[in-house]
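Chains, contacts and geometry: an overview
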4 protein chains.
Amino acid sequence: MQVTCVTSRRETGKSLTEYWGFAPLPYELELSSPEPSAIAEEAEVAFLCVPHGTAQEMAKELVSRGLKVIDLSADFRLADPSVYEAWYGVSHRFPELLREAVYGLSEIYAERISKSRLIANPGCYPTAALLPLVPLLNRKLIEPRDILIDAKSGVSGAGRKAEVALAFCEVNEDFRAYKVASHRHTPEIEAELSRAAGGEVKVLFTPHLTPMERGIFATIYVHPLASEKEIYEALRDFYAEKPFVEVLSPGRIPRVAEVRGTNRCRIGLKLDPRTGRLILLSVIDNLVKGASGQAIQNMNLMMGWPEDLGLPKSPVFP
Amino acid sequence: MQVTCVTSRRETGKSLTEYWGFAPLPYELELSSPEPSAIAEEAEVAFLCVPHGTAQEMAKELVSRGLKVIDLSADFRLADPSVYEAWYGVSHRFPELLREAVYGLSEIYAERISKSRLIANPGCYPTAALLPLVPLLNRKLIEPRDILIDAKSGVSGAGRKAEVALAFCEVNEDFRAYKVASHRHTPEIEAELSRAAGGEVKVLFTPHLTPMERGIFATIYVHPLASEKEIYEALRDFYAEKPFVEVLSPGRIPRVAEVRGTNRCRIGLKLDPRTGRLILLSVIDNLVKGASGQAIQNMNLMMGWPEDLGLPKSPVFP
Amino acid sequence: MQVTCVTSRRETGKSLTEYWGFAPLPYELELSSPEPSAIAEEAEVAFLCVPHGTAQEMAKELVSRGLKVIDLSADFRLADPSVYEAWYGVSHRFPELLREAVYGLSEIYAERISKSRLIANPGCYPTAALLPLVPLLNRKLIEPRDILIDAKSGVSGAGRKAEVALAFCEVNEDFRAYKVASHRHTPEIEAELSRAAGGEVKVLFTPHLTPMERGIFATIYVHPLASEKEIYEALRDFYAEKPFVEVLSPGRIPRVAEVRGTNRCRIGLKLDPRTGRLILLSVIDNLVKGASGQAIQNMNLMMGWPEDLGLPKSPVFP
Amino acid sequence: MQVTCVTSRRETGKSLTEYWGFAPLPYELELSSPEPSAIAEEAEVAFLCVPHGTAQEMAKELVSRGLKVIDLSADFRLADPSVYEAWYGVSHRFPELLREAVYGLSEIYAERISKSRLIANPGCYPTAALLPLVPLLNRKLIEPRDILIDAKSGVSGAGRKAEVALAFCEVNEDFRAYKVASHRHTPEIEAELSRAAGGEVKVLFTPHLTPMERGIFATIYVHPLASEKEIYEALRDFYAEKPFVEVLSPGRIPRVAEVRGTNRCRIGLKLDPRTGRLILLSVIDNLVKGASGQAIQNMNLMMGWPEDLGLPKSPVFP
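Residues numbered from 1 in each chain as written. Chains lettered and ligands numbered in written order. Predicted model: local features only at pLDDT ≥ 70, side-chain atom pairs only at ≥ 80, totals over all residues. Heavy atoms only, no water.

- An unreviewed UniProt entry annotates chain A as N-acetyl-gamma-glutamyl-phosphate reductase of Thermosulfurimonas dismutans.
- Turning to chain A, the UniProt record has this under Pathway (unreviewed entry): "Amino-acid biosynthesis; L-arginine biosynthesis; N(2)-acetyl-L-ornithine from L-glutamate: step 3/4."
- If you open the UniProt record of chain A and go to Sequence similarities (unreviewed entry), you find "Belongs to the NAGSA dehydrogenase family. Type 1 subfamily." (UniProt positions renumbered as here; feature names shortened; annotations may be inferred.)

The following block contains the structure:
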């Protein structure tokens, strides 16, 4: 695989090495202004990391020029354009393309991803939440009501920005919730859970910011419809052949450190016999399985390459 | 106030300055072996920071020698000795003293604390969870069922120990849950909520470890029985005269950094209209309001001194 | 003491609580635009935390209106206006006022500070470097040549700014030097060392950024002219009566954690018999003894109050 | 390459996955007790990560059984057994083997490493200090006197141990020097510098602990014997063909974050015209180029494989 083109409106003209301070690739590239025609000439696959709204336009142009497109924005994640509009304040200009797009949760939609030319790469929180929930809802092993997702993210989820709120002295030795009951990943989670459950599912999703660079830890509370053992075995069997999802035996608790730098998701579970609730615990590296790693996994699927090509499985520890 | 005696079995003979590397007091003290008779000679108030089981014995001896005792262990927190025994694996040898002890959640039991000679200083997680919940349950503004407490703590909650699991390279850049559905603060929280609700309350409580030194952030999910505004006003009014509890207007989210180094608890709340759930957010400094600060507040109440004597209100920021 | 007026051009109109998210004072204040006449009406002492260049003007106006002024900028730190101009690129408009200003290194200039109406509050790095060096140079116990200061600072030294370089994900898990051989605190250190030595002293000063919020650790390499013991005793005796400077016995190494949140400076020293060099180790909290704490200490001296009024001596640990 | 055997006296019987909590290899291995005969049967190359003293014995046995040995202890780093004895308090039992061992600073001794059967893998601090210094001393571009190394390390350098001093709450938000003028890497650095200079070189080396997991930043002060440009070009040319050492143009300052997770060393330099000193800045990841990465690089050289086989060059950032 060859990276032929990296674009940035703001940093046009800089080399990758200049921008990062180190060489992220074994060869040098200059950041160029995003021109679909130029991209189309040089590339077979395009990864879109542009704001929502803009991604629609780029995707439309690149797909029509024959590229496979993996969009990391939210533009093609929500099948219902009115939900998209309600949460993002932008109307969807390409509903046909939207219908064609496949939600890129690799383990769930591998088959469809492999045949698609436009992938909506999932958000980081949805990835962490959906991997444990989708198979359980699908098999009716948990109730589709009262699902509560309390998720904690490292700071890199916010991107590389000049903002006081992201400064070391604001984030370090702090912990906070944010966008309580209003985070845009909510409808994305609900859309996929509804599809899995075959009926409308509502979730309560609370994101938090924790003083670490990478990682998401999702603590998910559900009502079980089967025993802890049955639920464990169902999850374990569902992911048995999947290289990046590990299901831990009941009571074992995953740690973010165990997936740092990898494309893995680790899932733990425990029944609370006192309240009858099942607690699902899910960890990913938000920058890998939660973003660019899953994007590469999707490219691998689209290109018919081994699913785990170029994707690390052993964590950077410590 | 004068500190007359500091004990430590393991570090007997060391000076405080030697042990800490700095002088925590304006005068020097030598760590001595804990001898109730010697303590009783020199002190009016004793703070017990010894393991559960041991605390019972010490409390008994010191109270009978006329001291006011503030016990930071769990030995007098659970009114029902059988619950204590079930969770701590130790039987209670002084049920009479247990009946006499007052649970030291200062804002809730100020009246009783001021008349007591034995205070069970609350755990850190219970303090963070109970301050928002008790007044609401008491006023029947939330349902007593389905209460979910997802709490995140800094590392200092584990104490100063030589343990691989507490090492910098294990904790930093990690996030994990621990003691899922089995933490000993669960019965303590339930006991107090049951008392407030006037009936049995069960909670699901999940503690997590976050890479910061101090602080607890509790995200609490409840079913409201009144509007967001009514609940906010009830909490605000309840704490209006309390120097250390602040209730933020609906939608404002507290941060751990805002209470670091203080004896404060800050409470936020938000209704999720989509699911009908109310989210309560509560932050404290686990070492101050969650431990020694509340202990001093209780001493102030017991001694008839101003409640906030010697207790910081402005955070160490950054 | 009463804070009567807090100014901010950028945040005019906000309350202190709004700006910080918490109440830093027991009463509320609104940030106002800096107007010398308004300030003069309400205050006896003014602390200037404005950019260099601007501070000159403000100081001139406030002093002429009868206020005692403590300037935290660099405008009055360098007695020689040409050195100021060379390093700061601004000319000094008030050379007379500059001659009158006293360098606010409290332990060294207490006498003069107490009689002054304009204090140039020292920089954070100079404070950490000068406290061990000035008495030794003054007593000719170390050579005035080949002084090397390798200093490490927490991130708060950079202020509260929206900058990518200060973002959590840039600073955490990183360590870097900056402004190598070109930091503006160099002439400030040299000016004071030259005064102490009675002749020109040049130093090599290298600042570094370390992933913590507060604190400076200065490792200083000098050629000793006396034994380790003599140097230790000289320092110890010099600071014997000073409440905020502690000299550790030879070989004991200070830690930043021991002074966090305090106005203290701790000094360690060790002779390397193999190379004959003496290593001086000095730690301060850059926000307290390195900035606002020393400013308050200077106010105390100017007002004839106890030097340590309102200044913490016990660290926030952990 | 296949890992055939991993030993641990303390953890014998545990699987690697059990010990780490994750699978560091694509296949499972059980930790076994170190038995040279068993190791010799299964392996061609052995990496020794055992205490000094023990390493001697293991190396002797394994080499005599025909294995190539890469020793990560200090046992074969110091050519002079009396220096070894003086600093490590252990006598060297195999002086002949010691004479044969090659110091594994890959870029400097590649030729000899490729022909050796016993490599003394360098310490982390020596690697960071020697890479910039050795070529300059060798070409007489800096003076062999008055070399000062002020180095800062992440916490992982101390290993995975249950120690209060390594606990999160001790290390985080702290900065300290340790083993001032007495660290055992001093004679190792001196031995190699003396060899490069063709005469005895003494250095003053001060290690510090900084609150990050990985990385070493070495600030090195020397007297230059040529211009900044000449020194830069000499270093740049020396490392021109070396895949893991980068020399930055004068004035550019390397960051630890730029080498995190890689086997790289980045070197910066700057002349201070005011004092005439040259400042060399060197960064490595202490766990990779400073330990296991360099060990693998040495194995590659010994086996005649490409030097950079299996070794990452792009940092984990953030």
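The structure having been displayed, the exposition proceeds.
1. Focus: the overall build of chain A
- Helix and strand counts for chain A stand at 11 helices and 13 strands.
- Since a compact globule built from 318 residues should have a radius of gyration of about 20 Å, the 19 Å found for chain A is in line with a globular shape.
- Out of the 318 residues belonging to chain A, those deemed buried represent 58%.
- Put simply, of all contacts in chain A between residues at least 6 apart along the chain, 66% involve residues at least 24 apart.
- When the accessible surface of chain A is summed, it comes to about 11,600 Å², and 51% of that surface belongs to carbon and sulfur atoms.
- If you average the places of the 37 positive and of the 41 negative side-chain charges in chain A, the two averages end up 3 Å apart. (Helix = DSSP H or I, 4+ residues; strand = E, 2+ residues; numbered from the N terminus. Rg over C-alpha atoms; globule rule 2.2 N^0.38 Å. Buried < 20%, exposed > 50% of the residue type's maximum accessible area, 1.4 Å probe, protein only. Contact = heavy atoms within 4.5 Å. Areas by Shrake-Rupley, 256 points an atom, 1.4 Å probe, with all protein chains shown as cover. Lys, Arg positive; Asp, Glu negative; His and termini not counted. Charge placed at Lys NZ, Arg CZ, Asp CG, Glu CD.)

2. Here we look at the pattern of salt bridges
- All told, the structure shown has 124 salt bridges over all chains when counted by the stated rule.
- A salt bridge links Glu-200 of chain A to Lys-202 of chain A; the shortest N-O distance between them is 3.3 Å.
- Glu-200 of chain A gets classed as exposed once you look at its relative accessible area, which sits at 66%.
- Where Glu-57 of chain D meets Arg-93 of chain D, a salt bridge forms, and the shortest distance between an N and an O atom there is 2.4 Å. Highlighted residues: Glu-57 of chain D in helix H3 (residues 54-64) and Arg-93 of chain D in the loop between helix H4 (81-88) and helix H5 (95-100), separated in sequence by 36 residues.
- Take Glu-57 of chain D: its relative accessible area is 32%, and that puts it in the partly exposed class. (Salt bridge = Lys/Arg side-chain N within 4 Å of Asp/Glu carboxyl O.)

3. Side note on the interface of chain B and chain A
- Residue-level contacts link 50 residues of chain B with 50 residues of chain A.
- Of the roughly 4,100 Å² buried between chain B and chain A on both sides combined, carbon and sulfur atoms contribute 57%.
- Contact with chain A buries area across many residues of chain B, yet Glu-173, Phe-175 and Arg-274 of chain B alone supply 18% of it, more than any other trio.
- Counting across the interface, chain B meets chain A through 10 salt bridges.
- Linking Asp-174 of chain B and Arg-255 of chain A is a salt bridge whose minimum nitrogen-to-oxygen distance equals 2.7 Å.
- At the junction of chain B and chain A, the tally comes to 29 residue pairs in polar contact (both at pLDDT 80 or more).
- Mapped by element, the contributors of at least two residues to the side of chain B that touches chain A are strand S7 (147-153), helix H8 (168-171), strand S8 (176-177), helix H9 (185-197), strand S9 (203-209), strand S10 (216-222), strand S12 (265-272) and strand S13 (277-284) of chain B. (Buried area = accessible area lost by both parts, 1.4 Å probe. Polar contact = N/O pair within 3.5 Å; in protein donor to acceptor, adjacent residues only side chain to side chain.)

4. Structural notes on the relation of the copies chain C and chain A
- For the match of chain C to chain A, the screw axis carries a shift of 0.0 Å, the RMSD comes to 0.0 Å, and the turn is 180 degrees. Both copies of the chain, as the preceding transformation shows, are related through a two-fold rotation axis.
- Taken as a fraction of all interface residues of chain C, those also at the interface in chain A reach 100%, which identifies the copy contact as same-surface. (Least-squares fit on C-alpha atoms with pLDDT ≥ 70 in both.)

5. A few points about the UniProt feature "active site" (unreviewed entry) in chain A
Residues and elements named next belong to chain A.
- Taken from the UniProt record, the annotation "active site" (unreviewed entry) applies to Cys-124.
- Within the secondary structure layout, Cys-124 lies in helix H7 (residues 124-138).
- Residues within four places of Cys-124 in sequence aside, it is in contact with His-185, Ile-216, Ile-284, Asn-286 and Gly-290.

6. Quick notes on the packing of helix H7 (residues 124-138) of chain D against helix H10 (residues 228-238) of chain D
All names here are of chain D.
- Closest axis-to-axis distance for the H7/H10 pair is 10 Å, and the angle between their directions is 110 degrees. Between H7 and H10, the interaxial angle falls into the category roughly perpendicular. Side by side, H7 and H10 meet where Leu-131, Pro-132, Pro-135 and Leu-136 of the first sit next to Ile-231, Leu-235 and Phe-238 of the second.
- When the residues that make up the contact of H7 with H10 are grouped by side-chain class, the tally is 7 nonpolar, no polar and no charged. (Axes fitted to C-alpha atoms, helices over the stretch in contact; angles between N-to-C directions. Parallel < 35°, antiparallel > 145°, perpendicular 65-115°, else oblique. Nonpolar A, V, L, I, M, F, W, Y, C, P; charged D, E, K, R; others polar.)

7. Describing the sheet that holds S8 of chain B
All names here are of chain B.
- The mixed open sheet is built from 7 strands, whose spatial order is S8-S9-S7-S10-S13-S12-S11. Because the sheet does not close on itself, it has two edges, and the strands there are S8 and strand S11 (245-247).
- Where S7 meets S9, 7 bridges bridge the pair, whose relative direction is parallel. Pairing of Asp-150 across the sheet is with Thr-206, part of S9.
- Against the sheet, helix H10 (residues 228-238) makes contact with S11, S12 and S13, and its axis sits at roughly 170 degrees relative to S12, the strand it touches most. (Pairing = 2+ DSSP bridges.)

8. Things to note about the sheet that holds strand S6 (residues 118-120) of chain A
- Strand order across the open sheet formed by 4 strands is S3-S4-S6-S5 (chain A), with parallel pairing between neighbours. Two strands bound the open sheet, and with one partner strand each, they are strand S3 (45-48) and strand S5 (102-103) of chain A.

9. What about the UniProt feature "domain: Semialdehyde dehydrogenase NAD-binding" (unreviewed entry) in chain A?
- Mapped onto this structure's residue numbering, the UniProt feature "domain: Semialdehyde dehydrogenase NAD-binding" (unreviewed entry) falls at residues 1-116 of chain A.
- Secondary structure over residues 1-116 of chain A splits into 40% helix and 12% strand, and the C-alpha atoms at its two ends are 19 Å apart.

10. Describing the relation of the copies chain B and chain A
- Mapping chain B onto chain A leaves a residual RMSD of 0.0 Å; the transformation is a rotation of 180 degrees accompanied by 0.0 Å of translation along its axis.
- With an isologous cut-off of 70% or more, the 100% of interface residues of chain B that recur at the interface of chain A puts this contact in the isologous class.

11. Concerning the domain arrangement of chain A
All names here are of chain A.
- Entries for chain A in the domain assignment read domain 1 (16-122 + 289-303) and domain 2 (124-287).
- Computed from C-alpha atoms alone, the centre-to-centre distance between domain 1 and domain 2 is 23 Å.
- Counting the contacts that link domain 1 with domain 2 gives 1 salt bridge.
- The closest approach of N and O atoms between Glu-188 and Arg-77, which form a salt bridge, is 3.1 Å.
- Counting across the domain 1 and domain 2 interface gives 14 residue pairs in polar contact (both at pLDDT 80 or more).
- Elements with a contribution of two residues or more to the side of domain 1 that touches domain 2: helix H1 (16-20), helix H4 (81-88), helix H6 (106-114) and helix H11 (288-303). (Domains from an automatic or database assignment.)

12. What about unusual backbone geometry?
- The omega torsion of the bond from Phe-317 of chain A to Pro-318 of chain A falls at -10 degrees, within 30 degrees of zero and hence cis.
- By the secondary structure assignment, Pro-318 of chain A is in the segment after H11.
- A positive phi angle is found at Asp-146 of chain B, which is not glycine, with a value near 60 degrees.
- Within the secondary structure, Asp-146 of chain B is located in the loop between helix H7 (124-138) and S7.
- Positive phi, normally seen in glycine, also occurs at Glu-173 of chain D, with a value near 55 degrees.
- With respect to the helices, strands and loops of the structure, Glu-173 of chain D is situated in the loop between helix H8 (168-171) and strand S8 (176-177).

13. Quick look at the environment of Arg-236 of chain B
- With respect to the helices and strands, Arg-236 of chain B occurs in helix H10.
- Between the alpha carbons of Arg-236 of chain B and Val-247 of chain B there is a distance of 5.4 Å; along the sequence they are 11 residues apart.

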